[in-house]
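Take a look at the letters that make up each chain.
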Amino acid sequence: MSDAETADRAAGAAEPPDRKREQRGWYFYDFACSVYSTSVLTVFIGPYLTSVAKAAADAEGFVHPLGVPIRAGSVFAYAVSASVVLAVLVMPLTGAAADRTGRKKPLLAAAAYLGAAATAGMFFLDGDRYLLGAFLLIVANASLTVSMALYNAYLPQIAAPEERDAVSSRGWAFGYTSGALVLVLDLVLYTGHESFGLTESEAVRICLASAGLWWGAFTLVPLRRLRDRRAAPGGEGTVGSGWRQLTATLRDMRRHPLTLSFLLAYLVYNDGVQTVISQASVYGSEELGLDQTTLITAVLLVQVLAVAGALGMGRLARVHGAKRTILGSLAVWTLILAAGYFLPAGEPVWFFALAAAIGLVLGGSQALSRSLFSHLVPCGKEAEYFSAYEMSDRGLSWLGPLVFGLAYQLTGSYRDAIISLVIFFALGFVLLARVPVRKAVAAAGNPVPDRI
């Protein structure tokens, strides 16, 4: 038996054709939850929650939750940061439980449907209910983060090492396809809301709530096709407090310092990626003066090109390796932010050009990072380590939104806020370049692919 086959069996992966069936089911969770990331987080909730907060603000533009003065334009960014803190507390616990019992699927279902319910509840966000909006956003975003950690942990179990770049890229492509499809429907509803007898606010709230219904409905597909495995020896987790399990996970990861080095690099550059995704619509509406229709169209362009970008970068990785391809994408991200700082207000064509550039690198950089990390996970530690990965993916991505929010809080300029994110991509590039990935794969006890 080859090294790859041995690793595949050790991870509990099914044999074809069962493995192919599971892979197709696995793709559908991206198809289900990516609508939240696109329609809710990227397009509607930022500008809409900001408008609701402004309706509740005093004459100087501040709201006062718990007596703390906060500029209304910073509420959304702070809520995203708070959701990350909540996810950090929960993910180590769920990761440990999944590895200890081998039952990831019930935990995935619980996280997915809690997030879907919170998203559907955004239909009731109107008037000056900014605290309700912030609460629902925190719950939905944290639930998505936890569910993605469990979902990603299936990758080493359903795909052999040489398949993972392609399988991970297809998953992202499925997600961007669903995001594009729903955004087309959202665009029709939003632009034609008067002909449907709806106010603009009602149209936005329907778009928000429908994302939750979509998330819940299509989650049924992976729940039917994915299967749980018996816990591997050495995969036990101690179910205690979130902080205690996080400490235990990080202590275990110290035995794999190169894996930890990759996570540090990913934490830094992906913090920038997640912040750009979540704050782009606020930047477009508040700083550039673009209307909601333009923003929806721009994000739809991102979704369409991200499908091609994810698949195209997957092919580049087969030739040049995942690490080099990711490094190239980080250089492009840096140029994108620099261009974004100089975008003229009220000029949609330049915003569309920037959206096209984001689409071409967004899906590929995330998909290849996920597949590269899957090679660095010791056997039997998939859910636990992917919980740590998800903290880097979304869970610890609190610093970017916080920096963005503080920059606006202090300067009142979203241009200053957007350019501050360049440091995340530049530093992430340097840290990733220093990681010897082939040595890291071998140190984790996994077979080293010919090209990585």
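Throughout, residues of each chain are indexed from 1 in the direction in which the sequence is written. In view of the model being predicted, local features appear only for residues whose pLDDT reaches at least 70, and side-chain atom pairs are presented and counted only at 80 or more, with totals across whole chains, interfaces and linings using the full set of residues. As a rule here, side-chain values cover all heavy atoms of the structure and leave hydrogens and water aside.

Regarding the side chain of Asp30
- Runs of E in the DSSP output that reach at least two residues are strands. Runs of H or I that reach at least four are helices, and both are numbered from the N terminus. For Asp30, the location among the structural elements is in helix α2 (residues 18–56).
- Only protein chains enter the accessibility calculation, which uses a 1.4 Å probe; a residue is then buried when its area is under 20% of its type maximum, exposed when over 50%, and partly exposed in between. Judged by relative accessible area, Asp30 falls into the buried class, the value being 1%.
- Contacts are residue-level and defined by heavy atoms, with any inter-residue pair within 4.5 Å sufficient. Discounting chain neighbours no more than four positions away, the residues touching Asp30 are Met148, Tyr151, Gly171, Trp172, Gly175, Ser178 and Arg370.

Topic: the environment of Gly133
- Take Gly133: it is sitting in helix α5 (residues 130–152).
- Separated by 15 residues in sequence, Gly133 and Ala118 place their C-alpha atoms 9.8 Å apart.

A few points about a positive patch on the surface
- A grouping of Arg21, Arg24, Arg224 and Arg225 is seen on the molecular surface, where their side chains present a positively charged patch.
- The class for Arg21 is partly exposed, based on a relative accessible area of 41%. Patch membership needs two things, relative accessible area over 30% and no salt bridge, and members are linked within 9 Å if like-charged or within 5 Å if nonpolar (Val, Leu, Ile, Met, Phe, Trp, Tyr). Here the accessible surface of atoms and residues is derived via Shrake-Rupley with a 1.4 Å probe, and residues count as covered only by protein chains that are part of the display. Any Lys or Arg side-chain nitrogen found within 4 Å of a carboxyl oxygen on Asp or Glu counts as a salt bridge. For this count, His and the chain ends are skipped, Lys and Arg are scored as positive, and Asp and Glu as negative. All charge positions are set by atom: Lys at NZ, Arg at CZ, Asp at CG, Glu at CD.

Topic: the pattern of salt bridges
- Evaluated as defined, the whole model comprises seven salt bridges.
- For Glu163, the salt bridge identified is with Arg19, shortest N-O distance 3.4 Å. Of this pair, Glu163 sits in the loop between α6 (155–158) and α7 (164–191) while Arg19 sits in helix α2, and the two are 144 residues apart along the sequence. Taken as a pair, Glu163 and Arg19 share a single burial class, namely buried.
- If you follow the salt bridges from partner to partner, you end up with Arg19, Lys20 and Glu163 in one network.

Describing the packing of helix α4 (residues 104–120) against α5
- The axes used here are C-alpha line fits, helices contributing only the stretch in contact, and every angle between their N-to-C directions lies in the interval 0 to 180 degrees. Interaxial distance between α4 and α5 falls to 8 Å at its minimum, and their mutual angle equals 155°. Between α4 and α5, the crossing angle belongs to the class labelled roughly antiparallel. Relative to α5, the crossing made by α4 is left-handed. Mapping the contact onto sequence places Lys104, Leu107, Leu108, Ala111, Ala112, Leu114, Gly115, Ala118 and Thr119 in α4 and Leu136, Val139, Ala140, Ser143, Val146, Ser147, Leu150 and Tyr151 in α5.
- Classification used: nonpolar for Ala, Val, Leu, Ile, Met, Phe, Trp, Tyr, Cys and Pro, charged for Asp, Glu, Lys and Arg, polar for all others including Gly. Looking at the contact of α4 with α5, its residues break down into 12 nonpolar, four polar and one charged. An angle below 35 degrees is treated as roughly parallel, one above 145 as roughly antiparallel, one from 65 to 115 as roughly perpendicular, and anything else as oblique. Crossing chirality is assigned from the near helix's rotation relative to the far helix, an anticlockwise turn below a right angle marking it left-handed and a clockwise turn marking it right-handed.

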